[in-house]
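Geometric and topological summary
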Amino acid sequence: MSRPAAASAALLLVAALAAPPAAHAAADAAPPRECGTARLADPERGRDGSIPGLRPHADGRFTPVLLVHGWNGSPETWSQPITYSTLPNKPSVNHSLLGNLQGLAGAAVYTLDYHDVAHRWFALPGAGGELFVEAENCLAGQEAFQGHKTIVIAHSMGGLVTRWAVSDAAPDGAQRRGRIGLVVTLGTPYEGSWLAELGTSLLDTATDIGALRDKRVAALLEVIHLLLVQCEGVDLPGCRELTKLADQLATVRAFVPGSPELAALSGWPAGMRVHTLTSRTVLEDAAGGLFALRSPGELDLGDVVVGTDSATAGDFPERIGECRLTMSLLRNWVNDRLVDTGRLAKIDAPSHMFLGLFADCFHVNEARIIQLTNEALGIVADELAAQGPLYAYRAVGELGIVRMDRVAHRVRGTFVDAQFTDDGRYLAAVERAGRPNARVVTISVADGHRADLPCGGCTSVAPAGQDRVAWLDRAGKLVQANAAGGPGSAPVALRLPKTAEFTEHQRQGITASTVRIHAGVHGRFLVSRQYHEATDTTETFLVDADGSAEALDDNGFVGATAVTPGGTKLAYARGYQYEAASADIDVAVVDPDKATRTVVDSQQLAAGIYHAGYGPAGEVVAVHDLWWGYDGKLYATIGSQSFLPWTQDMETVIPKSLWRLDGQRWVSVDAGPLLAVRQLTRSTKAVVTADGTLYTETDGRGVKVATKVEAILVPPRAGDPQAAPSGKKLTRPKEPCLSKADFNRTASRLGSGIFEGSKVTVTADRAGVTCQGGWAGAWTTIAYGSTGVGRESYVILRYGNGRWSWGVDTYWQQLGEPTEMCQQIPPKLKPTVHCP
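Predicted, not measured: the structure shown is a model, and the values here were computed from it. (Residues numbered from 1 in each chain as written. Predicted model: local features only at pLDDT ≥ 70, side-chain atom pairs only at ≥ 80, totals over all residues. Heavy atoms only, no water.)

With that settled, the discussion passes to the packing of aromatic side chains. In the structure shown here, the tally under the stated rule is eight aromatic pairs. Ring centres of tyrosine 110 and phenylalanine 145 lie 6.0 Å apart, and the angle between their planes is 90°; this geometry places the pair in the edge-to-face category. One end of the pair, tyrosine 110, is in strand β4 (residues 107-112); the other, phenylalanine 145, is in the loop between α3 (128-140) and β5 (150-155), with 35 residues separating them in the sequence. In this structure, tyrosine 110 and phenylalanine 145 share a single accessibility class: buried. Between the aromatic rings of tryptophan 779 and tyrosine 794, the centroid separation amounts to 5.2 Å while the plane-to-plane angle is 70°, which identifies the pairing as edge-to-face. Taken together, the positions of tryptophan 779 in strand β40 (residues 775-784) and tyrosine 794 in strand β41 (residues 789-800) put the pair 15 residues apart, joining distant regions of the chain. Aromatic ring contacts, followed pair by pair, group Trp71, Trp121, Phe122 and Phe255 into a single cluster. (Phe/Tyr/Trp six-rings, centres within 6.5 Å; stacked < 30°, edge-to-face > 60°. Helix = DSSP H or I, 4+ residues; strand = E, 2+ residues; numbered from the N terminus. Buried < 20%, exposed > 50% of the residue type's maximum accessible area, 1.4 Å probe, protein only.)

Turning to the sheet that holds strand β18 (residues 462-463), a few remarks are in order. Read from one edge to the other, the open sheet built from three strands follows the order β18-β19-β20, with strand pairing classed as antiparallel. Each edge of the open sheet carries a strand with a single partner, namely β18 and β20 (478-482). Two elements, strand β19 (residues 468-472) and β20, share five bridges in a ladder whose sense is antiparallel. When the bridges of β20 are listed, arginine 468 appears paired with asparagine 482. (Pairing = 2+ DSSP bridges.)

It is a general feature of regular strands that their side chains alternate between the two faces of the sheet. Most of strand β34 (residues 684-689) sits out of view: five of its six residues are buried. The pairing of strand β33 (residues 674-679) with β34 spans five bridges and is antiparallel. Bridge pairing links valine 677 to valine 687 in β34. Hairpin connection between β33 and β34: a loop of four residues separates the two successive antiparallel strands. Two strands pair when backbone bridges link them, and β34 and strand β35 (residues 694-698) are joined in this way by five bridges, in the antiparallel orientation. Counted as the bridge partner of alanine 686 is threonine 696 from β35. Between β34 and β35, which pair antiparallel and follow one another directly, the connecting turn spans four residues, one of which, glycine 692, has a positive phi of 85°.

Turning next to the state of the cysteines. Inspection of every chain in the model, using the stated rule, returns four disulfides. Here cysteine 323 connects covalently by a disulfide to cysteine 361, the sulfurs 2.0 Å from one another. Looking along the S-S bond of the cysteine 323-cysteine 361 disulfide, the torsion reads about 75°, which is the right-handed sense. With cysteine 323 in strand β9 (residues 318-326) and cysteine 361 in the loop between α12 (353-356) and α13 (370-386), the pair connects residues that are 38 residues apart, well separated along the chain. For the residue pair cysteine 323 and cysteine 361, the accessibility class agrees, reading buried in each case. Note that cysteine 737 is cross-linked by a disulfide to cysteine 771, the S-S spacing being 2.0 Å. Taking the torsion about the S-S bond as the criterion, the cysteine 737 to cysteine 771 disulfide, at about 80°, is right-handed. You can see cysteine 737 sitting in the loop between β37 (709-713) and α16 (740-754) and its partner cysteine 771 sitting in strand β39 (residues 770-772), a full 34 residues away along the chain. Overall, cysteine 737 belongs to the partly exposed group, its relative accessible area being 48%. (Disulfide = S-S within 2.5 Å.)

Assignment of secondary structure puts serine 657 in strand β31 (residues 649-662). Overall, the relative accessible area of 0% leaves serine 657 in the buried class. Once residues within four sequence positions are removed from consideration, serine 657 is found in contact with Ala636, Thr637, Ile638, Asp670, Ala671, Gly672, Leu674 and Leu730. (Contact = heavy atoms within 4.5 Å.)

Looking now at the pattern of salt bridges. For the structure shown, the criterion picks out 27 salt bridges. Put simply, arginine 33 and aspartate 42 hold a salt bridge, and the shortest N to O gap is 2.4 Å. Judged by its relative accessible area of 40%, aspartate 42 falls in the partly exposed class. Glutamate 550 is the salt-bridge partner of arginine 524, the closest N and O atoms lying 2.5 Å from each other. With arginine 524 in strand β22 (residues 524-530) and glutamate 550 in strand β24 (residues 549-553), the pair connects residues that are 26 residues apart, well separated along the chain. Taken together, the salt bridges that share partners define one network made up of Arg33, Glu34, Arg39 and Asp42. (Salt bridge = Lys/Arg side-chain N within 4 Å of Asp/Glu carboxyl O.)

What follows concerns the nonpolar core. Membership of the largest hydrophobic core comes to 43 residues, with the highest contact counts inside it found for Leu66, Tyr110, Tyr114 and Phe132. Of all the secondary structure elements, the ones that give two or more residues to this core are β2 (38-40), β3 (63-68), β4, α3, β5, α4 (157-165) and β6 (180-186). In terms of residues, this core owes the most to one element, α3, which gives six residues. Once residues lying within four places of it in the same chain are set aside, the contact partners of phenylalanine 132 are Leu66, Val68, Leu112, Val152, Val161, Thr162, Ala165, Arg176 and Ile180. If you look at the next biggest cluster of nonpolar residues, it comprises 25 residues, including Leu67, Leu98, Leu101 and Leu277. (Core = buried A, V, L, I, M, F, W, Y, C linked by side-chain atoms within 4.5 Å.)

Attention now moves to the packing of α3 against α4. Taken N-terminus to C-terminus, the directions of α3 and α4 make an angle of 65°; their axes are 9 Å apart at the nearest point. The crossing of α3 and α4 is right-handed. Along the contact surface, α3 presents Gly128, Gly129, Glu130, Phe132 and Val133, while α4 presents Val161, Thr162, Trp164 and Ala165. Looking at the contact of α3 with α4 residue by residue, the class counts come to five nonpolar, three polar and one charged. (Axes fitted to C-alpha atoms, helices over the stretch in contact; angles between N-to-C directions. Left-handed = near helix turned anticlockwise from the far one by under 90°. Nonpolar A, V, L, I, M, F, W, Y, C, P; charged D, E, K, R; others polar.)

Moving on to the environment of alanine 464. Looking at where alanine 464 falls in the secondary structure, it is placed in the loop between β18 and β19. Relative accessible area serves as the criterion here: at 13%, alanine 464 is assigned to the buried category. Sequence-wise, alanine 464 and valine 521 are 57 residues apart; in three dimensions their C-alpha atoms are separated by 7.3 Å. Residues within four places of alanine 464 in sequence aside, it is in contact with Asp422, Val469, Ala470, Gln480 and Phe525.

Next up on the list: α4. For α4, a buried count of nine out of nine residues is recorded, marking the element as mostly surrounded by other parts of the structure. Listed in full, the buried residues belonging to α4 are Met157, Gly158, Gly159, Leu160, Val161, Thr162, Arg163, Trp164 and Ala165.

What follows is about the pairing of β6. Among the seven residues of β6, seven are classified as buried, and the element is accordingly described as predominantly covered. For β5 and β6, the ladder comprises six bridges, and the chain directions are parallel. Residue alanine 154 lies in a different strand from β6, and its bridge partner there is threonine 185. With four bridges connecting them, β6 and strand β7 (residues 274-284) associate as parallel partners. In the strand pairing of β7, valine 183 is matched with valine 274.

Moving on, we get to unusual backbone geometry. Going from glycine 672 to proline 673, the amide bond is cis rather than trans, its omega being 5°. Structurally, the position occupied by proline 673 is in the loop between β32 (665-670) and β33.

Here we come to the environment of valine 402. On the secondary structure map, valine 402 appears in strand β12 (residues 398-403). Between the C-alpha atom of valine 402 and that of glycine 388, which follows or precedes it by 14 residues, the distance is 9.6 Å. Residues within four places of valine 402 in sequence aside, it is in contact with Pro389, Leu390, Tyr391, Tyr393, Val407, Ala408, Thr696 and Val705.

Shown next, in the form of structure tokens:
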């Protein structure tokens, strides 16, 4: 059963009242006004004067929503006001079902008009089925709808038309069912109509009796038959009307349960997503006649045309709007009196049959019943939201899959190394990494289903092609498995080459204690081998599924990794840390087919990309995040810090910010500070700020999604050259300087700590203060101690992390101030303090 109508009722209200924003400026193409036999519905003016506007998805495209009317219906079916309800209170809604659909972001609402041929059984040539096929073929070929499957809402026979069009009986039916993502039917006679059976039985009986009793009736029937034969294929006066009448009668007979026409139709193909909606009238006191106050028996009349079982046939989510009537005039009169006196709720008082049989729950009114229209709106709104940008995040204590700005699926636990499979259908991560009971947890993007794959002490996971994942067990053997669950493959031993590093470490008695899988591309895996007793040595390899390997590098630990959306290239950050205050780092780009490795601008990174060689010695640059954008460019979140030995503190040199690799140079894209960015479409991106808060940001407006986020990732998909991140670029900050008075006050305050708590007064001489690169120096007189003895000295203050600190002075330098201080002092100030 579908979800409660209350949830979608709120959605209907929002859709009805929301004022449409301006159309998306970056849309690839506007939806066509006419498409085959489908027509883009004109924007509907609501009762309050509001008019919904076209609003594309975040990718600038639309989802076509095709409305298909029923037998003897028309496109006006969908524009009728929503004035019916299964409850006594009558609704008053701003827009019709069509108008409310137009208010949903991403929807382009089309109507199919086949009323001129609806009298013919739809599977016949030139009838409704053929017109549906023409419309859907046209919509599927439009640029404005690329990447978004069609949604169909169909009433009555329109549901059978749609089902036939995706069957093998229709032209290109197999391809069409792959292009239609969702079908919602209202009152569709899947198993026929009891009213058609009753009507044809009465007509046949009356005809037979008439022919038996009066030979003129039999002769008239024979004449009509001859006329129909003569009218076949010609356009004689009266033939059109006669043929239409005959077709209508034949179509009614086709709706009789068990008819050859119904028997010839296939059911919904496996995998089609269908929701069946209908109304029904339940007749109470069915055995009590007109005057009994209450009698046993209830009669389900369906929607008076189609039975409930017929309209909800098949194993699909269903929604039934129910009206209850009574046959008893006496009970109806008593109930009215009880309602008037407040002793009976109006909702519990069934109406009389003569007043309600052809009203609220009648077949032709199903597109006007608020309970059913709300349900249809909710189903379509959910489908449109699911077609928005998708990404995932790993946070402290959970994994999440996000649709646009809503967490669609969430799994609790402590996870590391989250990855999407190559087909984007599953998110995988390692839980309890390194423990004997470690497991790879996968989450289905479609429905959030979780599968646990025991991985024997694994520490990381990698995609292994399509919907498969791979890991290394505790013994370092390669295992592959289907992300949907089930046992993994037999472990395969890795045959890593005995490199020079390996031989040298083996000679020294040092073994490789960590072998780790990092990424998968083109059926090969990036694997590293690290020697723990010499942590600055890590080798990297490309490993095939059979365990054979090729060496890529013999130096540096592996950091963040990235794979192009098409799986053609692999990139990873590599570092070689040799002391706490200094590191070399670069980014390598690997062609897995050729096993070639290219290092991009290691000098720029090692020197500090912001300062481009001007940064202080000891600056540590870190690549925190690495990803290939949908625009085909390589991006990284890069930051750096410098160690201040005199304060035992780390100073931020480059805040964590977004950079793009242009050729061989990193250029600033977004100054941040931020931990990660993923550009989802040209106007939408996911951003993790420096405090770990995740936002979905569209056109500069962010919606908070999660907190304590450690990483975000996106599934592979086709490129979008215009999906290029942008922001306020990082620029060189204005280097701080101190006036003479400020220098005296700051140095005097800091001097107390330098001179063991004594009161210190620092006075700069007439030459004033010299500043360079966050340093400020001046010749001073330092008065300290109880006697106020003064000593002339050159004092340098250092600015970092938003505050000034005492750097060095000539007195302490003469007593053996650490030489690393001199290494960091700008050239302009070095000679003054006798630095070499």
